[in-house]
Structure formats: C-alpha cells, structure tokens
Amino acid sequence: MDRIIELIVKDELRVNALACVHQLHLPNCYLAAGFVRNLVWDHLHQKIVPTLLNDVDVIYFDESESNPELYQLAEAQLFEMMPSLNWQVRNQAIMHKRNGDKPYFNIIDAMSYWPEKETAVAIRKLENGRYECI
C-alpha cells in the first residue's frame with residue numbers, strides 16, 4: 001500500500017481531490033475504485049497520458065446517517081470545490097439494500113462485495129496530513 005500512496009502524492013489532481021474530500025469530514029471516508037486503479041495501471045503500463053476518470057467514487061460508512069440525501073449535498077460541495085470531476089458519493093452502510101446483499105459491517109466488508117476486485121482499493125487523507133490506503 002505504501003507504493004500506491006507514493007504514486008498518489010505525486011499526482012496533483014488526486015492530492016487535491018483527497019484534500020477536498022477530507023474537508024467534508026464524512027465518517028470512514030475514502031476515495032476508491034478507478035481513482036486509485038487507473039493511477040496504478042497507468043504507472044504499471046508506463047502511460048504518458050493518464051487514463052481519464054469517468055467518475056470519482058467517494059465512499060464512506062455511517063450506520064447512523066439520518067439524512068438519505070446527504071450524498072447529494074456532499075456531491076454538490078465537492079463539485080463546487082473541483083467542478084472538473086464527476087463526483088459520486090455513497091454511504092456503504094446502506095448500499096447493501098440496493099445491491100441485494102446482507103448488511104455490510106464496515107468499508108472493507110462493503111468493498112469485498114464489489115464485482116471488480118481490482119477496484120476494491122481506497123485511500124484517504126488523515127488528520128495528520130498522511131494517507132491511509134486499504
């Protein structure tokens with residue numbers, strides 16, 4: 001995971017996106033899927049031009065969330081900060097309902113149900129300015 005973090009901190013777009021998401025203070029919140037995967041694949045395949053991000057998946061885990069429209073508010077805030085990205089924010093604590101799965105225990109459990117295993121990687125900025133990759 002340290003190698004992924006090394007790639008992320010060299011990428012201005014991703015560092016800026018992580019800083020924006022960090023400002024929202026969503027619980028157990030990460031940027032995931034293609035946000036990480038594309039960067040790793042581009043590095044491994046020595047691509048000069050980065051693969052475009054179709055969307056930017058922001059995942060968080062909050063079992064006590066009372067506002068079912070919080071994700072829309074978060075998306076709007078992120079779009080204000082970085083309008084060039086197609087933000088998609090989802091509370092993984094409730095995604096099992098849409099996906100027809102049993103309830104998820106946490107972020108890692110939720111990602112274990114994702115059909116494309118290579119996208120089941122996520123990163124977040126921590127309070128101390130460091131990063132955590134899962």
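Shown above is the structure to which this text applies.
A short tour of the structure in this document, coming up. Small disclaimer: the values here were computed from a predicted structure and weren't measured. (Residues numbered from 1 in each chain as written. Predicted model: local features only at pLDDT ≥ 70, side-chain atom pairs only at ≥ 80, totals over all residues. Heavy atoms only, no water.)

Section: the pairing of strand β2 (residues 56-60)
Of all the five residues making up β2, five are buried; the element is thus mostly covered by neighbouring parts of the structure. Side chains Val-56, Val-58 and Tyr-60 project from β2 onto one buried face, and the interleaved Asp-57 and Ile-59 project onto a second face that is buried too. Summarising the sheet, strand β1 (residues 30-32) and β2 pair through three bridges and their orientation is antiparallel. From the neighbouring strand, Ala-32 faces β2, where its bridge partner is Asp-57. As paired strands, β2 and strand β3 (residues 87-91) are joined by five bridges and run parallel to one another. Across the sheet, Val-56 pairs through a bridge with Trp-87, a residue of β3. (Buried < 20%, exposed > 50% of the residue type's maximum accessible area, 1.4 Å probe, protein only. Helix = DSSP H or I, 4+ residues; strand = E, 2+ residues; numbered from the N terminus. Pairing = 2+ DSSP bridges.)

Details of the pairing of β3
Walk down a regular strand and you will see the side chains alternate between the two sheet faces. Side-chain alternation along β3 places Trp-87, Val-89 and Asn-91 on a buried face and Gln-88 and Arg-90 on a face that remains uncovered. For the crossover that starts at β2, traverses helix α4 (residues 70-81) and ends in the parallel β3, the hand is right-handed. (Right-handed = clockwise from strand over helix to strand, strands pointing away.)

Considering unusual backbone geometry
In this structure, His-25 takes a positive phi of about 55° despite not being glycine. Position of His-25 among the secondary structure elements: in the loop between α2 (12-24) and β1. The class for His-25 is exposed, based on a relative accessible area of 58%. A positive phi angle is found at Asn-28, which is not glycine, with a value near 45°. Relative to the helices and strands, Asn-28 resides in the loop between α2 and β1. We classify Asn-28 as partly exposed; its relative accessible area is 40%.

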